[in-house]
Amino acid sequence: MLEQQLVNALSLGCVYALFALGFTLVFGVLGVINLSHGAIFMLGAYAALEVVTRLALPLWIGLIVALLVAGTVGLLIDVLVLRPLRARNAPHLIPMIATIGIGIFFNSAVQGIFGAENLRFPSEAMPDAQLHFGGVQVSVLELVIIVLSFALMGTLMLVMKKTQLGRALRAIAESPKAAALLGINVEGLFFLTSFTAAALGGISGVLIALYSNAVFPLMGQPILHKGIAVIILGGMGDIRGALVGGLFLGFAEVLAVAYIGSTMRDAIAFGLLFLVLLVRPQGIFGKLLERKA
Amino acid sequence: MEWFDNFWAVYSNLVLTIGINALLALSIWLTLSCGLLAMANAAFMGIGAYTASLLTMNAGASFPVALLGGIAAPVAAALIIGAPTLRLSGVYLAMATLGFGEVVRVMILNADTWTGGALGLNGIPQLTQWWHVVAALVLVLLLLWRLRRSRIGRAFEAIKEDQIAASLMGIGVMAHKMLAFALGAGIAGLAGALNAHLTFFIGPSEFGFDRGVDILTMAILGGTGGLSGPVLGAAIITLLPELLRSFKDFRLMLNGAILVLIVLFLPKGIWDPMRLRQWFGRAGVR
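These lines cover the structure that appears in this document, whether it is placed above or below. (Residues numbered from 1 in each chain as written. Chains lettered and ligands numbered in written order. Predicted model: local features only at pLDDT ≥ 70, side-chain atom pairs only at ≥ 80, totals over all residues.)

## Overview of the nonpolar core
- In terms of nonpolar packing, the biggest core is built from 194 residues, with Leu-23 and Ala-25 of chain B touching the most fellow members.
- Of the residues forming this core, the biggest block, 16 residues, is contributed by helix H1 (residues 2–30) of chain A.
- In this view, Ala-25 of chain B contacts Ile-215, Met-218, Ala-219, Gly-222, Pro-230, Val-231, Gly-233 and Ala-234 of chain B; residues no more than four positions away in its chain are not counted. (Core = buried A, V, L, I, M, F, W, Y, C linked by C-beta atoms within 7 Å. Buried ≥ 20, exposed ≤ 12 C-beta atoms within 10 Å, placed from the backbone. Helix = DSSP H or I, 4+ residues; strand = E, 2+ residues; numbered from the N terminus. Contact = placed C-beta atoms within 7 Å.)

## Observations concerning the interface of chain B and chain A
- Across the contact, 34 residues belong to chain B and 37 residues belong to chain A.
- Where the side of chain B that touches chain A is concerned, the elements lending two or more residues are helix H3 (63–85), helix H4 (90–110), helix H10 (209–222) and helix H12 (251–265) of chain B.
- The element that contributes the greatest number of residues to the side of chain B that touches chain A is H4 of chain B, accounting for twelve residues.
- The residue makeup of the side of chain B that touches chain A, split by class, is 23 nonpolar, eight polar and three charged. (Nonpolar A, V, L, I, M, F, W, Y, C, P; charged D, E, K, R; others polar.)

## As for helix H1 (residues 2–33) of chain B
- At Tyr-11 of chain B, H1 of chain B shows its largest kink, close to 70 degrees.
- After H1 of chain B finishes, the residue Gly-35 of chain B shows a positive phi value of roughly 80 degrees. (Bend = angle between axes of the 7 residues up to and from the residue.)

## What to know about unusual backbone geometry
Residue and element names in this part refer to chain A.
- The residue Ala-56 is not glycine, and still its phi comes out positive at about 55 degrees.
- Looking at the element boundaries, Ala-56 is found in the loop between helix H2 (37–53) and helix H3 (59–87).
- Even without a glycine there, the phi angle at Asn-213 is positive, about 45 degrees.
- Structurally, Asn-213 is set in the loop between helix H8 (186–212) and helix H9 (220–234).

## Some details on the packing of helix H4 (residues 93–114) of chain A against H12 of chain B
- Where H4 of chain A contacts H12 of chain B, the axes come no closer than 7 Å and their chain directions differ by 160 degrees. Of the possible angle classes, the one that applies to H4 of chain A and H12 of chain B is roughly antiparallel. The two elements H4 of chain A and H12 of chain B cross, and the hand of that crossing is left-handed. Where H4 of chain A approaches H12 of chain B, its residues Ile-94, Ile-97, Ala-98, Ile-100, Gly-101, Ile-102, Ile-104, Phe-105, Ser-108, Ala-109 and Gly-112 of chain A are matched on the opposing element by Leu-252, Met-253, Asn-255, Gly-256, Ala-257, Leu-259, Val-260 and Val-263 of chain B.
- Along the lines of polarity and charge, the residues of the contact of H4 of chain A with H12 of chain B split into 14 nonpolar, five polar and no charged. (Axes fitted to C-alpha atoms, helices over the stretch in contact; angles between N-to-C directions. Parallel < 35°, antiparallel > 145°, perpendicular 65-115°, else oblique. Left-handed = near helix turned anticlockwise from the far one by under 90°.)

Any functional reading would require information beyond the geometric quantities listed.
And the structure:
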């Protein structure tokens, strides 16, 4: 029984980690708490749903479309809203408030267009095969979630650690001004980061929509709150932190539901968060220093 | 005065909500004026609302006692969580305090023998009169106005501008931050207590993340340069959804768009005396 729970926890944790990864990437590189990330997540799920139901295309195309739609929206947000704010050197609170407005905008636009009700993926589009490893049952869906998440996270970490691009991004995270002086195309990389982060958000939106089989306009809000918890747990702006924090939250939630009771699910997650805040407010991998903007 | 009676019968709740939101916006203005980006005010409001409601409903306390309880409880909570979290600065503090807000919401949700859990507390006696809200707002405005011009207010400003320089000049940085944080919590608690006894229902979801973000938005949109900004911001954020009512399903969409536009085009908030002078005093000044 325990092994079964661990598999569930791993797939849920992977989705949280994937969501938190985009969130933390924007924070680390752009220095913005992007509170529209939940809405982007939701847009990804709707994009995939439209592709699968209306165009009757297979799910993997839906996933790619979700990636592109979410990424484009993220890029547009950066070009239209965040860049002008950067140009006038607004204190970091201001972009955060702008992203709140963007989040409200998308949530309510989708609600106006598709209605508030809960939509589902058609059952024939869902991968429903079950695999057996020893005594543990793993659905293909869970396997896809786990493999896809680890592949994406691994690629991202490799890029950040080993490539010239990653070095440039880390330089920007340290100081955008110094990076620009060294000849790094800071604005270009900001666009790239916004696109990548939003695309990750969109993919995780599709994955959670499949996992819980529910698509609704406000589906991004609870995960946004959890994303905040995850990146506090892991340390803000830290990619390893998002991974560890996401998996940790997934395990904490699933085990809490299994052994304590479903009402304690959020209590456990946020209780742990509170403890971390009291003991180590900077998170597991975080530094106590403020990034000087 | 008949038109006023009619107006009041329809809109009294809205007007009083503006007053309560103004209190909340001022509570976050106070911490912002000390350079603290603390976003726990929704949680403090919730703690105040629940404490006061439980006092009047279960303990049979009188309204003034309940209000005092509604102020004292969040102040106590602020003093406890202030010690570890106020070490953080900037957005890190914002995230940590948002996290605390979620913790409070979940705690309220799970302590259902007292708080009614997800169903909330129903049938809170409607004790808040219109003049209570007005008096609270005036008192808080006076207090903050006086505070700004005092030694403490100047210390807040010094800390906001440069924490290290302030501490070198002999200002107790941590103590002042704590004071701003606790005082802000008290004001938010007062607003929560008044609101609970106005709407006679409270539930945990009212004091979550969205409310916290709302409060901050009111203060920033209005402008944090002075005391008028938060009050104006509260009025606008409260009225905007009402004014956009005719757009039905797309009402909130416009609301969000307006928020983004204000942030983009009015950098210092709506109440920005410099810009107002530029706009309206053009003929006289130039």
